[in-house]
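Chain by chain, the residues:
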Amino acid sequence: WAQEQKPQRRPGPLRGLSRALKAAGAPEVTEGQREQLQTLLKDFHAARKAERADKGRSGMGEARQAYADAILNSDNARAQAMADVIVSDVTTTMLANLQNQASLKIQVLNILTQDQVDALLQRSGTRGLSRVLGSIAGPRGQGRKPAPQGQQGPPGPPGGQKPPR
């Protein structure tokens, strides 16, 4: 008999935090914390959406086109000027993303109890805790876009081994 496939549930934004808390033996997220975190995430994503809409009007596409046109026209001075515009825009965007991530992580820390934070620190260290806090915003909160459905990310190193740290 054909088995009915259950619809795939999309993991909630707090799933990683909940699993990390459980693994650390920390108290679970309370309903009050869950509501605060969900409101925080809703506001965070609305602000990011507004930023992306503003960025779409920033002229970055025109700068990239002007850069490409300058190269094709052998206009080195214009290409250099457009490269400066592009780098400035990328730097501004990166700075805003880092500031937004820091703000979100600090706000999440302020929602968690000291017992929860201490347990996560004990289990994962500061880098691990920072990753858990960032995971709440999802992959895009970390500045990475997931690969489209059915596509894989870039290939890894030869032999599939990670480089030594």
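Our subject in this report is the structure included herewith.

**Overview of the overall build of the protein**
Along the protein, the regular secondary structure elements total five helices and zero strands. Along the protein, from the amino end to the carboxyl end, the secondary structure elements read α-α-α-α-α. Buried residues in the protein amount to 24% of all 165 residues. Put simply, the protein shows about 12900 Å² of open surface, and 52% of that area lies on carbon and sulfur atoms.

**Brief notes about helix α3 (residues 60–72)**
With 13 residues, α3 should cover 18 Å at 1.5 Å per step; its first-to-last C-alpha distance of 18 Å lies within 8% of that length. Along α3, the residues that are buried comprise Met60, Ala63, Ala66 and Ala70. One face of α3 carries all of its buried residues, which in axial projection span an arc of 120 degrees. Residues of α3 that are exposed and angled more than 90 degrees away from the buried face: Gly61 and Leu72.

**Here we look at the nonpolar core**
One finds Leu17, Leu37, Leu104, Val108, Leu112 and Leu120 to be the most contacted residues of the largest nonpolar core, which totals 23 residues. Secondary-structure elements contributing two or more residues to this core are α1 (15–23), α2 (31–56), α4 (76–111) and α5 (114–135). Look past the residues within four positions of Val108 in its chain and what remains in contact with it is Leu37, Leu40, Leu133 and Ile136.

**Examining unusual backbone geometry**
Positive phi, normally seen in glycine, also occurs at Ser74, with a value near 55 degrees. As for its placement among the helices and strands, Ser74 is situated in the loop between α3 and α4. For Ser74, a relative accessible area of 68% puts it in the exposed group.

Basis of the calculations
- Residues numbered from 1 in each chain as written.
- Predicted model: local features only at pLDDT ≥ 70, side-chain atom pairs only at ≥ 80, totals over all residues.
- Heavy atoms only, no water.
- Helix = DSSP H or I, 4+ residues; strand = E, 2+ residues; numbered from the N terminus.
- Buried < 20%, exposed > 50% of the residue type's maximum accessible area, 1.4 Å probe, protein only.
- Areas by Shrake-Rupley, 256 points an atom, 1.4 Å probe, with all protein chains shown as cover.
- Expected span 1.5 Å × (residues − 1).
- Arc of directions from axis to C-beta.
- Core = buried A, V, L, I, M, F, W, Y, C linked by side-chain atoms within 4.5 Å.
- Contact = heavy atoms within 4.5 Å.

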